[in-house]
Amino acid sequence: MSIHVFGIRHHGPGCARSLRVALEELQPDIVLVEGPPDAQEVLPLLIHEEMQPPVALLIYSPEEPKRAVYYPFTHFSPEWQALRYALDRQIPARFMDLPQAMQLAKHPTQPDSTAPLEDDIPGEHQATTTGQQKTSAARINTATAVADAQPPSSPDEQQKDPLALLAEAAGYSDHELWWEQQIEQRRDMTNLFEGILEAMSALRADTPPKDEEEAQREAYMRQTIRAAQKEGFERIAVVCGAWHAPVLISPGPAKADTALLSGLKKIKTAATWIPWTNSRLSYRSGYGAGVTSPGWYEHLWTAPDRISIRWSTRAAHLLREQGLDVSSASVIEAVRLAEALAALRDRAMPGLIDLHEAIETVLCNGNPSPMALIRDKLEIGERLGQVPAEAPTVPLQRDLEVKQRRLRLKPSTEIVTLDLDLRKETDRARGQLLHQLRLLNIPWGELQQVSGKSGTFHEVWKVQWQVEFAVAIIEANIWGNTVETASTAFACHKAEETEELPAISELLDKVILAALPGAIDQILSILQKRAAVSADVHHLMGALPPLARVARYGDVRQTRAEQILPVIDGLFERIVIGLPGACSSLDDDAAQHMLQSIDKCQESVSLLNRDQQRAEWQHTLRQLMEKEGIHGLVRGRCCRLLLEQHMLDEEELQRLTGLALSLAAPAPQAAAWVEGVLRGSGMLMLHQDGLWRALDRWLSNLTPETFEALLPILRRAFSNFQPPERRAMGEKVKNLSTLPTAITGKQGSSAEHGQDILHQERAMSVLPVLAQIMGVTLHGN
Amino acid sequence: MTTVDNTQTNHTDNNNEKAAPQDVLRQHAEQQYAEELAELAKVDNRQRPPNWQLSPWAVRTYLMGGTLPNGFAISPKYIGNPRLIEIAVATLATDRALLLYGLPGTAKSWVSEHLSAAITGNSTLLIQGTAGTDEQAIRYGWNYARLLVEGPSQAALVVSPMMQAMQAGKIARIEELTRIPSEVQDTLITILSEKTLPVPELNTEIQANKGFNVIATANNRDKGVNELSSALMRRFNTVILPLPDSMEEEVEIVDRRVASLGRALELPAEKPALEEIRRVVTVFRELRSGVTIDGKTKVKTPSGTLSTAEAISVINNGLAMAGYYGDGTLRSHDLAAGLTGAIIKDPVQDRVVWLEYLQTVVKERDGWKDLYRACNEVL
């Protein structure tokens, strides 16, 4: 009976290669792998022919799916190779880490679902975080992923990274690089694991386990080994993070470990396989553990020989696809340069850095920008894995898969733009599915703003699948077993919880887009209930536009407008009643706010286009306009809205303008009125001569001080117009006095006459000079 | 034609009877750093490419500085990313031609001189690229008197630095490659790919010996240059030399260069305080990047490059002023004229930029009052 411990680095192709060789040589009768025993059941699926890495084991708590942990694997993960070896030869393979049932029980709350992504991949925990905060921990995390021991709970450890010490001793400043060159790129594998074990034993000789959790994990591993021994296995192969290797060689007596593990709480967990992506294996996505260059590692794993030549050629092909000239001669030179660089840096073969510097220098002519492309496409090499259909999934996931197949919407990590024609049934169903998923917080697709011509018949989506959706789906499963039922239940639940009317009506809008009849009825009734007790006219008015949109355009999506109209009527009644009261005694900011609400309401009324409603609304506007004590801005706006609907004739406008701008009215209020009237399109106002004349008179009668005080407001009122409009207005005002006017002529004549005299006197004084210049004689006086 | 002839003959003559090194205004790299090169050669026991004086490792140490096993300190020649130098050295080791590309004043020629000094011990095989550079400067010319008397012969041939480098297995340097007319640039193609230079008049050819290579420099700022054809570009490995990354790096570069130049020019003033260098570098960096170091104020950018090399010459100029007209210590009024001259390249636009900068940044800064007053006096 013998125990063989293989200390590895997760996702290390060199380790994976040597592990394979070592296992072939050893011919073990059981393989124990550091990983969650919770996943023992789904382990056999690993050799299923539909299984395509990168994939991840997902362990989650069925009651609270947010508490989840991923264990990503890919072809070149040593664990993957070890498990494959065992399963292919039908010898027992077991996970031996502390079950997540116990680990998750210890971390009761995870604030959000991304937390486990960063922390809880036990296979990837670093040996020591050198006191960095979480933000900077990512680098450290992965850098020391090889050592694999650090639980997430103690990020503040002030300890020197043991691997860094080793690397320093070897003369490397970057221990990641050291490991890469010493272990992963090594082609001669003899005695690799003995070497690792020896180095780690030296490191751990005077370092106790980092904390209780690490001690418990290692205790559990030893217990698993003991159990295997007891069962009578002869050659036990143990595959674990290099850091743990020394403490697993000889398990010794079980007593201490049993004590350590007693009294650990457990929760229920479920395990499944989910597809994973290459970019999630890398640092960049903020997933704190893994490898920077999965594409490069995969290349190291798959390329049989001539690694740098194949890599440079792939880079050249990639650049050619992008239309950059790269000749074979350049590729030859790039490889030569990479090799010279490696030699200069005392390396046996070019590493990724050497290759990339050579590619940048030779293939890109020193220009760094194409390197981003090579980094994305080659170094990371984005790819989505695939798991067999037999993998245990929640019913919702199954339902989603059926729908995806039926609608021919394949999940992909690339960003794809979908243009859906809602008149076609499949496209409509696709849009509805995407909307339903969005309701469930699974933003697979993002609706894009549609440009004018495609109109309401089109929806343009940007779709991109993300691996975390697997968790979101499991989480959403508590709401129902199909996408429709889950989203219906979830939407209703959300509506119940929401107090604010506009939010509910937004939700209603979404539910209608997602075509969930069950939810529509319920949310409508909730909306009605809330509206009945809502005292805030703003909220009522804010809730109106989405409803009006639905009522007007709903039929495109075959939603009946009749359901909604009663609700709109109810809301509208309340608005009409509440509005005058809500408009009294507003300060400037509140008036601005009210203005927006009134505009929204107006928009809805014109959208619905119902005569009775419009009459009622116009009546309300008129009421507001004429009521004293209402803010000038609101009154001005009402005046403008009525004018736009041709409810005011010129005479009335003249009167209103005069009234609002009369000297008795406080000047700021008058200015606010002007702003209210002028806001919006300028062309309509251009032809209201009376308005301009009144404005002109009011302005010229202001005292200089008041004028200065009002100038900002006036300027603001005019600032939204287009320059041509402003110019037209200027021309208009300039020519006001010369315009033949029927109505205002008599009223303004005396004042204007007085001004004329004044001007004439002044004008007379320049006439002689002018006459002299022009060489004419001056007639008259 | 004759002028070309004369200059080339003179050039060769100069090479033959070298002036005593200590009398020349500026020594070649291999003369100035002869001791360092000798020490490096003594300890360098690694493999050398054919005809190289030093191994690539030693060349890197020569450029980047370091301490030899016997305790001898090598001064850094290039302060910046060592990877760039490694790429450059590796390029030359693979007998590919090297193109150093970058803004004016980013040490392109400096690196090229030191690379050839370290690799071949000779940095003088230099072709200055101008709009008037013709094929003879790159290939060979004729001594017409002899040509008329004797007809075409080896003796009538006037060899170019390129030809010399090929024969001796040394490195030829081409400065400002992009200023050379395109059709003249094309003569390089055969030299670079086939390493041979045909002489049809004598029915012979010059084949390059091992160790021959070309280092070209070109700047990417100037307009109206002759862009390299892709055929030629393909024969070069391009290394782009950047402006210094950090303030500290740039201060160190200026400090080092000023010290060594001051020594060479025998300026009477004492070594400038680091503080003054820091001020000049700050002004240059701020104007170059368009924002103050603290990131709080935006400033306009003048039309010049404001490279590190210019900062060095401003300080040097100031040192001379201080030495001859001042009290021997570098003060702000010694710097003012040089600083103003370096920044105002366009008398109208740049003047406004500089004035604005003085008013908004220099005037407000603690302890910079003297500089403000001095610069205002000059303007």
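Residues numbered from 1 in each chain as written. Chains lettered and ligands numbered in written order. Predicted model: local features only at pLDDT ≥ 70, side-chain atom pairs only at ≥ 80, totals over all residues. Heavy atoms only, no water.

Q: What's the story with the overall build of chain A in this structure? I'm lost.
A: Helix and strand counts for chain A stand at 34 helices and ten strands. Residue burial in chain A is summarised as follows: out of 781 residues, 53% are buried. If you take every contact in chain A between residues at least 6 apart in sequence, the share linking residues at least 24 apart comes to 75%. Counting only carbon and sulfur atoms, one obtains 53% of the accessible surface of chain A, whose full area is about 35400 Å². (Helix = DSSP H or I, 4+ residues; strand = E, 2+ residues; numbered from the N terminus. Buried < 20%, exposed > 50% of the residue type's maximum accessible area, 1.4 Å probe, protein only. Contact = heavy atoms within 4.5 Å. Areas by Shrake-Rupley, 256 points an atom, 1.4 Å probe, with all protein chains shown as cover.)

Q: Would you mind going over the nonpolar core with me for this structure?
A: Ranked by size, the top nonpolar core spans 103 residues in total, and within it A:Leu363, A:Trp444, B:Val59 and B:Leu115 carry the most contacts. Among the nonpolar cores identified, the runner-up in size contains 84 residues, and A:Leu571, A:Cys639, A:Ala667 and A:Leu686 belong to it. (Core = buried A, V, L, I, M, F, W, Y, C linked by side-chain atoms within 4.5 Å.)

Q: Can you walk me through the sheet that holds strand β10 (residues 458-463) of chain A in this structure?
A: Picture the strands of a sheet paired through backbone hydrogen bonds; they go either parallel or antiparallel. All names here are of chain A. Taken in spatial order, the three strands of this open sheet run β8-β10-β9, and their pairing is antiparallel. A single partner strand is all that each edge strand has here, and the edge strands are β8 (416-421) and β9 (445-448). Strand-to-strand twist in this sheet, taken as the mean axis angle between neighbours without regard to direction, amounts to 30 degrees. Examined bridge by bridge, β9 and β10 share four bridges and lie antiparallel to one another. The residue bridging Leu447 from the neighbouring strand is Trp461, located in β10. (Pairing = 2+ DSSP bridges. Axes fitted to C-alpha atoms, helices over the stretch in contact; angles between N-to-C directions.)

Q: Hey, could you run me through the pairing of strand β8 (residues 196-199) of chain B in this one?
A: Put simply, side chains in a regular strand alternate between the two faces of the sheet. Residues and elements named next belong to chain B. Inspection of the sheet shows β8 paired to strand β9 (residues 204-207) by four bridges, in the antiparallel sense. By the bridge assignment, Thr196 is partnered in β9 with Gln207. Hairpin remark: β8 followed by β9, antiparallel, with four residues in the connecting loop; positive phi at Asn203, about 55 degrees.

Q: Can you walk me through the environment of B:Leu232 in this structure?
A: Residues and elements named next belong to chain B. Turning to its location among the elements, Leu232 is positioned in helix α12 (residues 230-233). Taking C-alpha positions, Leu232 is 7.9 Å from Gln185, a pair spaced 47 residues apart along the chain. Beyond its immediate sequence surroundings of up to four residues, Leu232 is in contact with Gln185, Leu188, Ile189 and Leu192.

Q: Help me understand the packing of helix α16 (residues 332-343) of chain B against helix α18 (residues 369-378) of chain B in this model?
A: Helix packing for two helices is described by the angle between their axes and how far apart those axes are. Residues and elements named next belong to chain B. Between α16 and α18, whose axes approach to 8 Å, the crossing angle comes to 50 degrees. Taken together, the axis directions place α16 and α18 in an arrangement best described as oblique. Considering how the two elements wind past one another, α16 and α18 form a crossing that is right-handed. Between α16 and α18, the contacting residues are Ser332, His333, Ala336, Ala337, Leu339 and Thr340 on the first element and Asp370, Leu371, Ala374, Cys375 and Val378 on the second. Counted by class, the contact of α16 with α18 contains seven nonpolar, three polar and one charged residues. (Parallel < 35°, antiparallel > 145°, perpendicular 65-115°, else oblique. Left-handed = near helix turned anticlockwise from the far one by under 90°. Nonpolar A, V, L, I, M, F, W, Y, C, P; charged D, E, K, R; others polar.)

Q: Just to check I follow, could you spell out the interface of chain B and chain A for this structure?
A: The extent of an interface is frequently quoted as the accessible surface area lost upon association of the parts. At the interface, 19 residues of chain B touch 19 residues of chain A. Summed over both sides, the interface of chain B with chain A buries roughly 1600 Å², with 56% coming from carbon and sulfur. Its largest share of buried area at the contact with chain A, chain B owes to B:Arg83, B:Ile87 and B:Thr94, together 28% of the area lost on that side. Our enumeration of links across chain B and chain A arrives at five salt bridges. In this structure, the salt-bridge partner of B:Glu86 is A:Arg345, at a minimum N-O distance of 2.2 Å. Here chain B and chain A share seven residue pairs in polar contact (both at pLDDT 80 or more) between them. Contributions of two or more residues to the side of chain B that touches chain A are made by α4 (56-64), α5 (82-93) and β11 (236-241) of chain B. (Buried area = accessible area lost by both parts, 1.4 Å probe. Salt bridge = Lys/Arg side-chain N within 4 Å of Asp/Glu carboxyl O. Polar contact = N/O pair within 3.5 Å; in protein donor to acceptor, adjacent residues only side chain to side chain.)

Q: What exactly am I supposed to notice about the packing of aromatic side chains here?
A: Aromatic ring pairs are defined here through the distance separating the ring centres and the angle between the ring planes. All names here are of chain A. Counting across every chain of the model gives twelve aromatic pairs over all chains. Each ring, one from Trp296 and one from Trp311, has its centre 5.0 Å from the other, and the planes form 80 degrees; the classification is edge-to-face. You can see Trp296 sitting in helix α12 (residues 294-302) and its partner Trp311 sitting in helix α13 (residues 307-321), a full 15 residues away along the chain. For the residue pair Trp296 and Trp311, the accessibility class agrees, reading buried in each case. With centroids separated by 6.3 Å and ring planes inclined at 55 degrees, the aromatic side chains of Phe572 and Trp617 adopt a geometry described as tilted. Pair noted here: Phe572 is in helix α24 (residues 565-583) and Trp617 is in helix α26 (residues 611-626), with a separation of 45 residues, a long-range link. Under the relative-accessibility criterion, Phe572 is labelled buried at 2%. (Phe/Tyr/Trp six-rings, centres within 6.5 Å; stacked < 30°, edge-to-face > 60°.)

Q: How should I be thinking about the side chain of B:Glu276 in this particular structure?
A: With respect to the helices and strands, the residue B:Glu276 is situated in helix α14 (residues 274-289). The contacts of B:Glu276, once residues within four sequence positions are left out, are B:Ile315, B:Leu330, B:Ser332 and B:Leu335.

Q: What should I look at first to understand the pattern of salt bridges in this one?
A: Two side chains with opposite charge may pair up if their charged atoms get near one another. In total, this model carries 41 salt bridges over all chains according to the counting rule given. A cluster of three or more residues bridged by salt bridges with shared partners is formed by A:Arg345, A:Arg347, A:Asp354, A:Glu357, B:Arg60, B:Arg83 and B:Glu86.

Q: Help me understand the side chain of B:Thr308 in this model?
A: All names here are of chain B. Structurally, the position occupied by Thr308 is in helix α15 (residues 308-324). Within the local environment of Thr308, its side chain forms a polar contact with the side chain of Glu250, the two groups lying 3.4 Å apart. With sequence-adjacent residues up to four places away left out, Thr308 is seen in contact with Gly105, Pro244, Glu250, Ile253, Val254 and Arg288.

Q: Looking at this structure, how should I read the pairing of β10(A)?
A: All names here are of chain A. Across the six residues that make up β10, a large majority, five, are buried. As paired strands, β8 and β10 are joined by six bridges and run antiparallel to one another. Bridged to Leu418 within β10 is Trp461.

Q: Please clarify how the confidence of the model for chain A should be interpreted in this entry.
A: Close inspection of predicted coordinates is inappropriate in any region flagged by low pLDDT. Per-residue confidence for chain A gives a mean pLDDT of 76; residues scoring 70 or more make up 82%. Confidence over residues 740-755 of chain A falls short of pLDDT 50; this stretch has four contacts with residues more than four positions distant or in other chains. (pLDDT = per-residue confidence, 0-100.)

Q: What's the story with the sheet that holds strand β2 (residues 30-33) of chain A in this structure? I'm lost.
A: Residues and elements named next belong to chain A. Taking strand neighbours across the sheet as the criterion, the four strands line up as β1-β6-β2-β5 in an open arrangement whose pairing is parallel. Of all strands in the sheet, those bounded by a partner on one side alone are β1 (2-8) and β5 (93-95). The mean inter-strand angle of the sheet, taken between neighbouring strand axes irrespective of direction, is 20 degrees. One ladder, built from three bridges, connects β2 with β5; its direction is parallel. Within β5, the position partnered with Val33 by the bridge is Phe95.

Q: Sorry, what's going on with the environment of B:Glu201 here?
A: Inspection of the secondary structure assignment puts B:Glu201 in the loop between β8 and β9. The residues contacting B:Glu201, other than those within four sequence positions of it, are B:Tyr140, B:Trp142 and B:Pro152.

Q: How should helix α29 (residues 667-678) of chain A be read in this particular structure?
A: In an α-helix, one turn spans 3.6 residues, which is why side chains three or four residues apart end up on the same side. Residues and elements named next belong to chain A. Spanning twelve residues, α29 covers 16 Å between terminal C-alpha atoms, matching the ideal 16 Å at 1.5 Å per step. Among the twelve residues that make up α29, ten are buried, leaving the element largely enclosed by the rest of the structure. Regarding α29, the residues found buried are Ala667, Ala670, Ala671, Ala672, Trp673, Val674, Glu675, Gly676, Val677 and Leu678. Once α29 finishes, Gly680 follows within two positions and takes phi at roughly 105 degrees, a positive value. (Expected span 1.5 Å × (residues − 1).)

Q: Looking at this structure, I do not really get the packing of α12(A) against helix α16 (residues 370-380) of chain A. What am I missing?
A: Residue and element names in this part refer to chain A. Where α12 meets α16, the axes come as close as 5 Å, and the angle between the chain directions of the two elements is 45 degrees. With respect to α16, the axis of α12 lies oblique. Between α12 and α16, the contacting residues are Pro294, Gly295 and Trp296 on the first element and Leu378, Glu379 and Ile380 on the second. For the contact of α12 with α16, the class distribution of residues is four nonpolar, one polar and one charged.

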